[in-house]
Amino acid sequence: RSCHSSPHQDVALAIRHLASSYKSMGQIEKSIELYQEALEIQRKCSDVPLQSVSATLMNLGCCYRDSGNLQESVPLLEKAVAIRRSYHSSPHQDVALAIHHLASSYQSMEQMEKSIELYQEALEIKRKCSDVTLQSVSTTLM
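Heads up: these notes are all about the structure in this document.

Thresholds applied
- Residues numbered from 1 in each chain as written.
- Predicted model: local features only at pLDDT ≥ 70, side-chain atom pairs only at ≥ 80, totals over all residues.
- Heavy atoms only, no water.
- Axes fitted to C-alpha atoms, helices over the stretch in contact; angles between N-to-C directions.
- Helix = DSSP H or I, 4+ residues; strand = E, 2+ residues; numbered from the N terminus.
- Parallel < 35°, antiparallel > 145°, perpendicular 65-115°, else oblique.
- Left-handed = near helix turned anticlockwise from the far one by under 90°.
- Contact = heavy atoms within 4.5 Å.
- Nonpolar A, V, L, I, M, F, W, Y, C, P; charged D, E, K, R; others polar.
- Salt bridge = Lys/Arg side-chain N within 4 Å of Asp/Glu carboxyl O.
- Buried < 20%, exposed > 50% of the residue type's maximum accessible area, 1.4 Å probe, protein only.

Next up on the list: the packing of helix 1 (residues 9-24) against helix 2 (residues 28-44). At a minimum axis separation of 8 Å, helix 1 and helix 2 run at an interaxial angle of 165 degrees. Between helix 1 and helix 2, the angle falls in the class roughly antiparallel. In this structure, the crossing between helix 1 and helix 2 has a hand that is left-handed. Facing helix 1, whose interface residues are Val11, Ala12, Ile15, Arg16, Leu18, Ala19, Ser20, Tyr22 and Lys23, helix 2 presents Ile28, Lys30, Ser31, Leu34, Tyr35, Glu37, Ala38, Ile41 and Gln42. A class-by-class count of the residues in the contact of helix 1 with helix 2 yields 11 nonpolar, 3 polar and 4 charged.

So this is what it looks like as structure tokens:
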């Protein structure tokens, strides 16, 4: 799958897009398999941007959540949140989105206090963001 002597970030990105298509078609297991493959390639590449790794972790975590495998979902989403916090020095929509997905996993696990805490944190970040839209705030309130 690579034209290079070692795995390359473009291959991981292409696999991630394919995984997204499978998820859109409702083929969550195939999507999980592909996101895992993309993540493995990203781990082998030294030139992969953290944003890309974070996106793969978040998408994989969401797939696990959607498949009911919540124990796999939470650690991946926690890593995605941590990475996003590390490269955004001020409140940012990307951090709020990752926190929102983590909150959703906790909600699915019926850990409502943790879920509410995270939803509130995501909402506060969205309120602080200069590029926040009314639609994104209303999504968090749903």
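Taken as a whole and assessed by the stated rule, the structure comprises 6 salt bridges. Here Glu33 ties to Lys30 by a salt bridge, and the two come within 3.3 Å at their closest N and O atoms. Of the two residues, Glu33 and Lys30 are both situated in helix 2; the distance of 3 residues between them amounts to about one turn of the helix. Here Glu33 falls in the partly exposed class, since its relative accessible area comes to 43%. Here Glu121 makes a salt bridge to Arg85, at a shortest N to O gap of 2.5 Å.

This is a description of form; function is not addressed.
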